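A closer look at the structure
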Amino acid sequence: MASHPFSTTETSVGVAQVPDHRLDALAKMSASRKVVHAGVEFVDIAGLVAGSSTGEGLGNRFLGGIREADAICLVLRAFEDQNVPGGTDPAEDLGVLELELVLADLSSAEAQVERRRKAAKQDRSLEGQVVALDKAIVVLANGTPLYRSDLGREDREQLRPFFLLTNKPVLAVVNMGEDAAGDDAGVTKPISDELGGAAEVLGASIRLEAEAAQLPAADRAELMEGLGLGQGALARVAQAAYRLLGRRTFFTTGDKESRAWTFRSGAKAPECAGVIHSDLQRGFIRAEVVHWDELLGLGSWSAARDVGKLRVEGKEYEVIDGDVLEIRFNV
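The notes below deal with the structure included here. (Residues numbered from 1 in each chain as written. Predicted model: local features only at pLDDT ≥ 70, side-chain atom pairs only at ≥ 80, totals over all residues. Heavy atoms only, no water.)

By secondary structure assignment, the location of K168 is in the loop between α5 (153-158) and β5 (170-176). D70 provides the closest opposite charge to the buried, unpaired K168, separated from it by 6.4 Å. At 2.7 Å, the side chain of K168 forms a polar contact with the backbone oxygen of A69. Ignoring anything within four residues of it in the chain, the contact list for K168 reads I66, R67, E68, A69, D70, A71, I72, Y147 and R156. (Helix = DSSP H or I, 4+ residues; strand = E, 2+ residues; numbered from the N terminus. Buried < 20%, exposed > 50% of the residue type's maximum accessible area, 1.4 Å probe, protein only. Lys, Arg positive; Asp, Glu negative; His and termini not counted. Salt bridge = Lys/Arg side-chain N within 4 Å of Asp/Glu carboxyl O. Polar contact = N/O pair within 3.5 Å; in protein donor to acceptor, adjacent residues only side chain to side chain. Contact = heavy atoms within 4.5 Å.)

Here it is, written out as structure tokens:
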């Protein structure tokens, strides 16, 4: 962790495990030899400064690196440290970040709308995209990020092919000082009020948690609990990102492995089977289903079958978060 901006010149990618007590309980029940949690991929870019949208501070280069991300996490500073340059007002940081993202989007939308307008004369199915781009340009020209605007879901969907940064869902993380650890609400409230429900806001003391991460697991858990930090920022950010992206979890469990599988909200059984393997979706016959807590109460898959608690569901079944599945297929 460097004390100056642009200490990195490369975008980095990492995967954060999504903690899930349901999976842990199922693995214990099944005496699984392997446990595989769901994960969220994070793309980390250098900090943006005023002028990033026009190339200041390498910002424009990094903005291009996140255009295909599904959501954006804004990290805002709220701590004092003489060794770290820059301001300490998270609201000011938020203003700078949003302005640079808006300016980058405005430039991108203006560059694309006329080309799309010409294409729509030959292909009328593109007219909705042109209308949405025209609306987006008005919003962005007024300095408003699209995720804070009153653009409807249909317009936002029409804008998806253009990878506009402020058309993505947003999570804000306020990086607090060690003295504010455990007082998330007091530090994050101004940002929550400013965003007005347009984004979820979390507080975290990154330096304190980085120090705690160097401790043995047992000592780390005790320290985090003692400071009121619970399971820590990484777990909370991963879980928040999971919710933000509209992702849900189903499980498979057995003595060899218990695993959490990620699926999009509203997906039906064959699509979820395809998350495990494409052959399962292609040859899907049916799914045996039981909710995780019901299975846990019965103690085993065979017990659930013996008492008739396993539901047999077909291709139209919409999988629910927390379902445990066993897929029957034939290819």
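From this point, the narrative continues.
Attention now goes to the packing of helix α3 (residues 90-122) against helix α4 (residues 127-141). Running from amino to carboxyl end, α3 crosses α4 at an angle of 150 degrees, the nearest separation of the two axes being 9 Å. By the angle class used here, α3 and α4 are roughly antiparallel. The way α3 lies across α4 gives a crossing that is left-handed. On the side of α3, the interface is formed by V102, D105, L106, A109, E110, Q112, V113, R116, R117 and A120, while α4 contributes E127, Q129, V130, L133, D134, I137, L140 and A141. Counted by class, the contact of α3 with α4 contains 10 nonpolar, 2 polar and 6 charged residues. (Axes fitted to C-alpha atoms, helices over the stretch in contact; angles between N-to-C directions. Parallel < 35°, antiparallel > 145°, perpendicular 65-115°, else oblique. Left-handed = near helix turned anticlockwise from the far one by under 90°. Nonpolar A, V, L, I, M, F, W, Y, C, P; charged D, E, K, R; others polar.)

This paragraph deals with the layout of surface pockets. There is about 640 Å³ of room inside the second largest pocket. Residue lining of the second largest pocket: 20 residues in total, with D70, E157, R160, N167 and P169 positioned closest to the centre. The leading source of residues in the lining of the second largest pocket is α5, at 3 residues. Residues belonging to the lining of the second largest pocket are distributed by class as follows: 8 nonpolar, 3 polar and 9 charged. (1 Å grid on protein atoms, 1.4 Å probe; cavity = no way out; pocket = protein on both sides within 12 Å on 5 of 7 lines; lining within 4 Å. Points joined across faces, edges and corners; volume = space filled by probe spheres on them.)

Before going further, it helps to spend a moment on the pattern of salt bridges. Applying the stated criterion to the full structure yields 22 salt bridges. Among the salt bridges present, the one from K268 reaches E316, with a minimum N-O distance of 2.6 Å. Of this pair, K268 sits in the loop between β8 (257-264) and α10 (269-276) while E316 sits in the loop between β10 (311-313) and β11 (323-329), and the two are 48 residues apart along the sequence. Of the residues examined, K268 reaches a relative accessible area of 33% and is grouped as partly exposed. A residue is classified by how much of its surface remains accessible, and E316, at 61% relative accessible area, is exposed. With its nearest N and O atoms 3.8 Å apart, the salt bridge here joins E294 to K309. Placement of the pair is E294 in helix α12 (residues 292-298) and K309 in the loop between α13 (301-306) and β10, with a sequence separation of 15 residues. Overall, E294 belongs to the partly exposed group, its relative accessible area being 31%. Shared partners join several salt bridges into a network, and the residues in it are E288, R305, E326 and R328.

Moving on, we get to the sheet that holds β5. If you walk across this open sheet you meet the 3 strands as β4-β5-β6, and the pairing is parallel. A single partner strand is all that each edge strand has here, and the edge strands are β4 (72-78) and β6 (200-204). Pairs of neighbouring strands in the sheet enclose a mean axial angle of 25 degrees, with direction left out of account. Direction of pairing for β5 relative to β6: parallel, over a ladder of 5 bridges. (Pairing = 2+ DSSP bridges.)

Now for the pairing of β5. Buried residues dominate β5, accounting for 7 of its 7 residues. Going residue by residue along β5, you find V170, A172, V174 and M176 tucked away on one face and L171, V173 and N175 tucked away on the opposite face as well. Judged from the 7 bridges that link them, β4 and β5 form a sheet pairing that is parallel. Counted as the bridge partner of V75 is V173 from β5.

Our next topic: α4. Taking 1.5 Å per residue as the helical rise, α4 with its 15 residues ought to reach 21 Å, and the 21 Å between its terminal C-alpha atoms agrees with that figure. Of the residues making up α4, those classed as buried are Q129, V130, A132, L133, A136, I137, V139 and L140. Looking at the buried residues of α4, the elements they touch are α3 and α5. Downstream of α4 by one or two residues, G143 has phi in the positive range, about 85 degrees. (Expected span 1.5 Å × (residues − 1).)

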